[in-house]
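Examination of the molecular architecture
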Amino acid sequence: MNLSGLGIFHTIIGISALAGAIIGFIKYGKISLAHLSGKVYFYATLITSLSALGISKAGGFNAGHVFSLFIIVLISVAYFLFSSKKESRRARYFENFLLSFSFFLSLVPTINETFTRVPIEHPLAKDIKDPVIGQTLFIIFLLFIVGSVFQFMKQRKENVGISG
């Protein structure tokens, strides 16, 4: 697999972030920063994104670094909305979307790296242009859209319950 020490650390923390998000989606229908799973997602994603800045197969600043920086911005804005705009029902829509979008974006390099490395002897994909990667990302994108609509409807019900 040829992972550096930083690469191994990055992968372990990244798996923790994915687990936190998936647990949040299953238990709450969203990544909720009010719960342990959401906190795990936030901090593990922050650490994973920062550690990704020190990793590069291509050498130098590349698209992966841009993804990492963008994800840091998304989760930071979501955290700001969570901590500073607690009374704003509208802020919850943005918070939910930003966290879900950051999760979706995290899956782009995750799918690419996993499919081009696993299984070790015969990886599922040769490179990022392999159709299996594109097809998988398309399915993940569709799930993101459906999930976002679900979260919007769920949040609207929660907001009505708050004011009612």
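This report concerns the structure included in the present document. All residue numbers refer to positions counted from 1 along the written sequence of the respective chain. Reporting of local features is limited, given that this is a predicted model, to residues whose pLDDT is at least 70; pairs of side-chain atoms are given and counted only at 80 or more, and all residues count toward the totals for whole chains, interfaces and linings. To get the side-chain values, all heavy atoms of the structure are used, and hydrogens and water are removed first.

The next thing to look at is the packing of aromatic side chains. The aromatic pairing rule takes the rings of Phe, Tyr and Trp, using the six-membered ring of Trp, and pairs them if the centres are within 6.5 Å, calling planes under 30 degrees apart stacked, those over 60 edge-to-face and the rest tilted. Across all of its chains, the model carries 13 aromatic pairs by this definition. When the centroid spacing of 5.0 Å and the interplanar angle of 25 degrees are considered together, the rings of Phe42 and Tyr79 count as stacked. Highlighted residues: Phe42 in helix α2 (residues 36-52) and Tyr79 in helix α3 (residues 63-84), separated in sequence by 37 residues. Summarising the aromatic geometry, the rings of Phe141 and Phe144 are spaced 6.4 Å apart at their centres and angled 40 degrees between planes, so their arrangement reads as tilted. Of this pair, Phe141 and Phe144 both sit in helix α5 (residues 131-163), 3 residues apart, roughly one helical turn. Under the scheme applied here, a residue whose accessible area is under 20% of the maximum for its type counts as buried, over 50% as exposed, and between as partly exposed, the area being computed with a 1.4 Å probe on protein chains only. Phe141 gets classed as partly exposed once you look at its relative accessible area, which sits at 35%. The helix and strand labels rest on DSSP assignments: H or I over at least four residues marks a helix, E over at least two residues marks a strand, and numbering proceeds from the N terminus.

Turning our eyes to something else, we now look at helix α1 (residues 5-28). The end-to-end C-alpha distance of α1 is 34 Å, a good match for the 34 Å that 24 residues give at a rise of 1.5 Å each. Considered for burial, the residues of α1 that qualify are Gly7, Ile13, Gly14, Ala17, Leu18, Gly20, Ala21 and Gly24. Contact definition: two residues touch when any of their heavy atoms are within 4.5 Å. Contacts from the buried residues of α1 go to α2 and α4 (89-115). The positive-phi residue at the C-terminal boundary of α1 is Gly29, with phi of around 75 degrees. Any helix carries an expected span of 1.5 Å times its number of residues minus one.

The terminal C-alpha atoms of α3 lie 31 Å apart, and with 22 residues this matches the ideal 32 Å at 1.5 Å per residue to within 8%. Those residues of α3 lying buried are His65, Ser68, Ile71, Ile72, Leu74, Ile75, Ala78, Leu81 and Phe82. Residues of α3 that are buried make contact with α2 and α4. Of the residues flanking the start of α3, the one acting as N-cap is Asn62, its side-chain oxygen 2.8 Å from the backbone nitrogen of Gly64. For the purposes of these results, a polar contact is taken to be a pair of N or O atoms within 3.5 Å, where, inside protein, one atom must be able to donate a hydrogen and its partner to accept one; residues adjacent in sequence count only when each atom of the pair is a side-chain atom.

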